Protein chains: 2
Amino acid sequence: MLDNYLLQELVTFAQTGTLAKTAATLNVTQPTVTRGMQKLETDLGVQLFDRQPNRIRLTATGKLAAREAAKLLQANHDTAIRIQNFDRNQRVLKVAATLPGPMIVLQSLKDQLPANLQLAPVASLPEPVESLRNHAYTLVFTNHPLTATDITNQLIGTENLAIHLNKFMYQANQSTVTFADLAGLSFVVPVDIGPWRAIIQDNIPDAKFFYQKEREALAEITKFSDFPYFATNVSPFDPTLPLEATVNDNRRLLPISDAAAHMSIYANYLTAATSRVTPVITTLRASWPET
Amino acid sequence: MLDNYLLQELVTFAQTGTLAKTAATLNVTQPTVTRGMQKLETDLGVQLFDRQPNRIRLTATGKLAAREAAKLLQANHDTAIRIQNFDRNQRVLKVAATLPGPMIVLQSLKDQLPANLQLAPVASLPEPVESLRNHAYTLVFTNHPLTATDITNQLIGTENLAIHLNKFMYQANQSTVTFADLAGLSFVVPVDIGPWRAIIQDNIPDAKFFYQKEREALAEITKFSDFPYFATNVSPFDPTLPLEATVNDNRRLLPISDAAAHMSIYANYLTAATSRVTPVITTLRASWPET
DNA sequence: AACAATTACGGAATCCGTAAAAATT
DNA sequence: AATTTTTACGGATTCCGTAATTGTT
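Residues numbered from 1 in each chain as written. Chains lettered and ligands numbered in written order. Predicted model: local features only at pLDDT ≥ 70, side-chain atom pairs only at ≥ 80, totals over all residues. Heavy atoms only, no water.

Engineer: Can you explain the pattern of salt bridges? Please cite residues and give values.
Structural biologist: Within this structure, the stated rule accounts for 14 salt bridges over all chains. For the salt bridge of R133(A) with D150(A), the shortest nitrogen-to-oxygen distance reads 2.8 Å. One end of the pair, R133(A), is in helix α6 (residues 128–133); the other, D150(A), is in the loop between β5 (139–142) and β6 (151–166), with 17 residues separating them in the sequence. For R133(A), a relative accessible area of 32% corresponds to the partly exposed category. In this structure D150(A) comes out as partly exposed when scored by relative accessible area, which is 28%. Where salt bridges share partners, they join E68(A), K71(A) and R82(B) into one cluster. (Salt bridge = Lys/Arg side-chain N within 4 Å of Asp/Glu carboxyl O. Helix = DSSP H or I, 4+ residues; strand = E, 2+ residues; numbered from the N terminus. Buried < 20%, exposed > 50% of the residue type's maximum accessible area, 1.4 Å probe, protein only.)

Engineer: Describe in detail the protein's contact with DNA strand D, supporting the description with residues and values.
Structural biologist: Near DNA strand D, the surroundings consist of 20 residues, among which T32(A), R35(A), Q38(B), R51(B) and N54(B) are the closest. A share of 66% is what sugar and phosphate atoms reach among the atoms of DNA strand D within 4 Å of the protein. L19(B) has a polar backbone atom sitting 3.0 Å from a phosphate oxygen of DNA strand D. Separating a phosphate oxygen of DNA strand D from a backbone N or O atom of A20(B) is a distance of 3.0 Å. Of all the secondary-structure elements, those providing two or more residues to the surface near DNA strand D are α3 (30–44) of chain A together with α2 (19–26) and α3 (30–44) of chain B. Partitioned by chemical class, the residues of the surface near DNA strand D number nine nonpolar, seven polar and four charged. (Near = heavy atom within 4 Å. Polar contact = N/O pair within 3.5 Å; in protein donor to acceptor, adjacent residues only side chain to side chain. Nonpolar A, V, L, I, M, F, W, Y, C, P; charged D, E, K, R; others polar.)

Engineer: Tell me about the pairing of strand β9 (residues 229–232) of chain A, and please be specific about residues and values.
Structural biologist: Residues and elements named next belong to chain A. Neither face of β9 is open: one carries Y229 and A231, the other F230 and T232, and all of them are buried. For β6 and β9, the ladder comprises four bridges, and the chain directions are antiparallel. Bridged to L161 within β9 is T232. (Pairing = 2+ DSSP bridges.)

Engineer: Can you break down the protein's contact with DNA strand C residue by residue, with the values?
Structural biologist: Near DNA strand C there are 21 residues, and of these Q38(A), R51(A), N54(A), T32(B) and R35(B) occur at the shortest range. Of everything in DNA strand C that lies within 4 Å of the protein, sugar and phosphate atoms constitute 66%. Between DNA strand C and Q38(A) there is a distance of 2.9 Å, counted from a phosphate oxygen to a side-chain nitrogen or oxygen. Within the side chain of T32(B), a nitrogen or oxygen atom sits 2.6 Å from a phosphate oxygen of DNA strand C. For the surface near DNA strand C, the secondary structure elements donating two or more residues are α2 (19–26) and α3 of chain A together with α3 of chain B. Of all the elements, α3(A) adds the most residues to the surface near DNA strand C, at five residues.

Engineer: Give me the packing of aromatic side chains: which residues, what numbers.
Structural biologist: Applying the stated criterion across every chain, the model contains 10 aromatic pairs over all chains. With centroids separated by 5.3 Å and ring planes inclined at 80°, the aromatic side chains of F13(B) and F49(B) adopt a geometry described as edge-to-face. One end of the pair, F13(B), is in helix α1 (residues 4–16); the other, F49(B), is in strand β1 (residues 49–52), with 36 residues separating them in the sequence. Across from the ring centre of Y211(A), 3.8 Å away, lies the NZ or CZ of R197(A), which sits over that ring. (Phe/Tyr/Trp six-rings, centres within 6.5 Å; stacked < 30°, edge-to-face > 60°. Lys NZ or Arg CZ within 6 Å of the ring centre and 35° of its normal.)

Engineer: For the interface of chain B and chain A, give the residues involved together with the corresponding values.
Structural biologist: Counting from both sides, the interface comprises 26 residues of chain B and, opposite them, 26 residues of chain A. In total, about 2,400 Å² of surface goes out of reach between chain B and chain A, with carbon and sulfur atoms giving 68% of it. Linking chain B to chain A there are two salt bridges. When the shortest N-O distance is used, the salt bridge between R82(B) and E68(A) registers 2.6 Å. Our count for the chain B to chain A interface comes out at 10 residue pairs in polar contact (both at pLDDT 80 or more). (Contact = heavy atoms within 4.5 Å. Buried area = accessible area lost by both parts, 1.4 Å probe.)

Engineer: So what's going on with the relation of the copies chain B and chain A? Residues and values would help.
Structural biologist: If you rotate chain B by 180° and push it 0.0 Å along the axis, it lands on chain A with an RMSD of 0.1 Å. Within this description, the copies of the chain are treated as partners about a two-fold rotation axis. Both copies present the same face, since 100% of the interface residues in chain B are matched by interface residues at the equivalent positions in chain A. (Least-squares fit on C-alpha atoms with pLDDT ≥ 70 in both.)

Engineer: Please provide a residue-by-residue account of a positive patch on the surface, values included.
Structural biologist: On the surface, a cluster of positive charge is contributed by R55(A), R57(A), K63(A) and R67(A). Looking at the positive patch, the elements that each hand over two or more residues are β2 (55–58) and α4 (60–91) of chain A. (Patch = residues over 30% accessible without salt bridge, like charges linked within 9 Å, V, L, I, M, F, W, Y side chains within 5 Å. Areas by Shrake-Rupley, 256 points an atom, 1.4 Å probe, with all protein chains shown as cover. Lys, Arg positive; Asp, Glu negative; His and termini not counted. Charge placed at Lys NZ, Arg CZ, Asp CG, Glu CD.)

That is the geometry; function is a separate question.
Set out below in structure tokens:
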């Protein structure tokens, strides 16, 4: 077995180039590193270094060993994190999504859901499959089902894009609009909207988008300007109110009719976690606003 | 970092179920295992065991941890082997194949090839891609190119199947035969012929095959019987002799005309090893018998 | 002279085995 | 009574740091 602390020294040596710098980086003394690399060579039964009185370099085998060692250390670290995540998720059920819609609905249903539910604040999850396998999250919502043999998907419902337009704009004079109708306009948009970002950028010709990180600042901007802004059937969402009640300014809310403005929302989870996520999915589907 | 010897104890415990058997399996004493598992728990900051005075069991987290630990240990071991293989293959160039043909040709060219060349005796290599990545072999011959981004393929030539038939059989009365002509016959065949085995089994109707492990015993059987037996343009192969010179019995050698009786032979190697394998491939192609 | 690697020696930390205790089947 | 786990204590191994040596730039 290759000891981890020796692998760590080898990886650091490959980065720094000298035993002295390796020792300084790892907060040990040079003799420790000298002995360590000698031991690693005897453990492997392989020459990892070309030695000259004042210089030491990796052989071809040594360079390979350093790359492989880095992988092993990474795997070891990832495993520790994975075990700790799994243990935590035995007690709390962490939920994330690649787009904000499902999280907003869940937030509004908080009191109907298990108390150990934890909603991730981030909307755009970079590696949804890995975050399930690492047990970083137990339940992940996406707009496309995650395809893997160890993952189960369930369709939750659809999210439909709409636009708040100043009621005196000529485009507002209809019951629905298309992306083409919005050509050339400028919009204020939250940054973390996941795949919606690409959709509006790719489908609205010659548009300008002002991305705003703070949701409150965005509300301010829309309140004191005439910029159009987007909404969906779930955002903002309060199941006790009709959708129009959220329109409190001099804008009209118009659904967007293009096919690209409608998204299917899927729940994804490790098949092994089925029994734990089912109640959450059931209540979410029961309250999903199909408008 | 998770120490390997603790992971080993955890894996063994998951297999044996008690600390006592774990200790016996690993040739240590029980207190060692007790302390080890306690240390692993504190290192991870996670409860791996449910403890009762006389019984100790894995928690759900513990079971996961044991599975993950087994993977880490396997990866560690594989890495050590890989490094040792790489180091060895800096000096010798090991060659293997999934079928015997190319190895036979290489054997006959031995004196024209680098002295550090080592030919594997086995004809059917179970995991050719992995054996390249593990540096178990530097050069692998197959009848289909191995497709991977880190692997390069080169077409060497074709291997064509033929059959030695008793000259008084009615099928021998033609210049070539088809698989259908051989229907119902019985054949003596070496066991390690790789993909040829499936080809003759799938293409010759109602045939019987007697598989023989020892090549010498097979030669004896064919010598003192009238069983038909297979050959190819490379097997047996001596570049200084015409193919007919190998026919020393009362049989005729007939090529098989079916498309399935012709195989393309490919050389596969890690792209990083190109310069090392090129001379071997060059000489092999130069002497490949295109009959 | 300064730097890099190695060796020698003593101390510190860790790990292990023996012995004993506690509790269950 | 036999097993299993845990704790306590002492020994042994391993690992590390300081100091000194060698050789190069």
